[in-house]
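In case you want the letters, here they are:
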Amino acid sequence: MYNNALAFAQRNHVNNYDLIKRIPGLKTEFEWLKEVPSQALQQSIIDLGKAFKNKWNGHNGGPVFHKKGRRDSYRIPTGCEIDYARYKVKLAKLGWVKFYKDKPIEQSTIHSYTISKSSTGRYYISLLYEAPNRTPLNNGRAVGIDVGIKEFAVCSDGTVFENQKHYQRQLRKLRVLQRTMARRYDKSKDILDANGRKIGTTGEQSKNWYKAKAAVARCHEKIRNQRNDHLNKVSSQIASKYSVVCIEDLNVKGMVKNRNLAKSISDCGWTAFKTKLRYKCDSVIEVDRFFASSQTCSVCGYKNVRIKNLSVRSWTCPGCGTNHDRDRNAATNILREGLSRYPISASLEALR
Ligand SMILES: [Zn+2]
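So, here is what we can say about the structure in this document. Keep in mind the model is a prediction, meaning the values are calculated, not measured.

1. Examining the overall build of the protein
- For the protein, the count of helices and strands is 11 helices and 15 strands.
- In the protein, which comprises 352 residues, the share counted as buried stands at 20%.
- A fraction of 59% describes how many contacts in the protein between residues 6 or more apart in sequence connect residues 24 or more apart.

2. Describing the nonpolar core
- Within the largest apolar cluster, 29 residues are counted, with the highest numbers of intra-cluster contacts made by V143, I145, A153, V245, C246 and I334.
- Those elements that provide at least two residues to this core are β7 (142-147), β8 (151-155), α6 (207-239), β12 (244-248), α9 (270-280), β13 (283-287) and α10 (326-340).
- With residues up to four places along the chain from it excluded, the contact list for I145 reads A153, C155, V245, I247, A331 and I334.
- Counting residues in each nonpolar core, the second largest holds 6 residues, with A5, L19, I45 and L48 among its members.

3. Focus: the packing of helix α1 (residues 2-11) against helix α4 (residues 38-56)
- Interaxial distance between α1 and α4 falls to 9 Å at its minimum, and their mutual angle equals 45°. Between α1 and α4, the angle falls in the class oblique. Pair α1 / α4 crosses with right-handed handedness. Where α1 approaches α4, its residues Y2, A5 and L6 are matched on the opposing element by S44, I45 and L48.
- Looking at the contact of α1 with α4, its residues break down into 5 nonpolar, 1 polar and no charged.

4. Some details on the pairing of strand β4 (residues 95-98)
- In this sheet, β4 lies alongside strand β3 (residues 88-91) in antiparallel orientation, the contact comprising 4 bridges. Opposite K90, over in β4, you have W96 as the bridge partner.
- In sequence, β3 turns back onto β4 through a hairpin of 3 residues, with K93 there showing a positive phi of about 70°.

5. Overview of α6
- Helix length check: α6 (33 residues) gives 47 Å between terminal C-alpha atoms against 48 Å at 1.5 Å per residue, within 8%.
- Regarding α6, the residues found buried are A212, R227, L231, V234, S235 and I238.
- Next to the buried residues of α6 lie β7, β8, β9 (160-162), α5 (166-183), β12 and α9.

6. Focus: the sheet that holds β4
- Spatially, 3 strands are ordered β2-β3-β4 in an open sheet, and the strand pairing comes out antiparallel. Where the open sheet ends on each side, the last strands, each with one partner, are β2 (82-83) and β4.

7. A few points about the packing of α6 against α9
- Relative to each other, α6 and α9 sit at 35°, their axes nearing to 9 Å. Judged by the twist between their axes, the crossing of α6 over α9 is right-handed. Residues L231, N232, S235, S236, I238 and A239 of α6 form the contact with α9, whose own contacting residues are A272, F273, K276, L277 and K280.
- Grouping the constituent residues of the contact of α6 with α9 by class yields 6 nonpolar, 3 polar and 2 charged.

8. Brief notes about the sheet that holds β8
- Taken together, the 5 strands give an open sheet; going across it, the order is β9-β8-β7-β12-β13, and neighbouring strands pair in mixed fashion. Lying at the two open borders of the sheet, with one neighbouring strand each, are β9 and β13. For this sheet, the mean angle separating the axes of adjacent strands, direction not counted, is 20°.
- Bridge analysis of β7 against β12 gives 4 bridges, and the strand direction is parallel. Each residue of the ladder has a partner; that of V143, found in β12, is V245.
- Where α9 meets the sheet, its contacts fall on β7, β12 and β13, and the angle it forms with β13 comes to roughly 140°.
- α10 rests against β7, β8, β12 and β13 of the sheet, and its axis sits at about 130° to β7.

About the cut-offs
Residues numbered from 1 in each chain as written. Predicted model: local features only at pLDDT ≥ 70, side-chain atom pairs only at ≥ 80, totals over all residues. Helix = DSSP H or I, 4+ residues; strand = E, 2+ residues; numbered from the N terminus. Buried ≥ 20, exposed ≤ 12 C-beta atoms within 10 Å, placed from the backbone. Contact = placed C-beta atoms within 7 Å. Core = buried A, V, L, I, M, F, W, Y, C linked by C-beta atoms within 7 Å. Axes fitted to C-alpha atoms, helices over the stretch in contact; angles between N-to-C directions. Parallel < 35°, antiparallel > 145°, perpendicular 65-115°, else oblique. Left-handed = near helix turned anticlockwise from the far one by under 90°. Nonpolar A, V, L, I, M, F, W, Y, C, P; charged D, E, K, R; others polar. Pairing = 2+ DSSP bridges. Expected span 1.5 Å × (residues − 1).

Here you go:
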């Protein structure tokens, strides 16, 4: 429906309403559209409208055609009944479907739900609902966070969150699975162009190749889930103590270009971490990444150029003699720098 509407909208001057009006006609043309909940069809057109709107507002390049098998999902813009006693949820057109037991959500109205299928063939349901008592903590306390590769995050209060390196830990298993997959790549022949460059492949792979491919996808999914779980735990712990978080504005994209660092940086999930902090905390202040947080003494302000070397883990300030842990000193500087950009009354409150 999304691709069909997009193709139509590219050829004709239409609005959302015109596209939705086409649905009944398409249903007679494509019988199988009748198997799908009508709200999901309408929703995909509303989503397309949003994508066009984003383009006009200059947020992105506009809608693109969706590819089957990649992030397949549909959304129903209404609530759904959930039976926590039997772990069943009632879905449009499908009826009662069993789900893996989960903690009940707080009493609330569900606005919409989305069914998605992961690359491993697992189905997920996400609910959009307004949760009561979810306003972020507002105690005026602030913390600075220095993120890194050696430790995932070091807080100005001395808390250290270790880097769990989910990807690195699964790497050996992943390599074995990927080799198996490569070995089973046989049935298909590469299609070459005139210059001998590969432009595609013919036909299907063997059953065992698809099995190996699924195993690789499952391994990636496990890594993703573990990482996400860890990020949720760390960010929740911080949000339960502090309402103001100061954090370095890291140029993750730029850093990932450095190939040696790329894998370990992608593994950390800093961007996802910040996103979680933003919705869990009252305010997140980002500090300029060129601000020399690790080189400056957080007590007297002395600038120690030697500290640029990442291997220096601790140092004594030549100016005031304070013994610094590299990361905690950086976190304290980030906190101070962040609060200097914060309304003065709030800063004073936070520093008490
Ligand atoms: Zn000093």
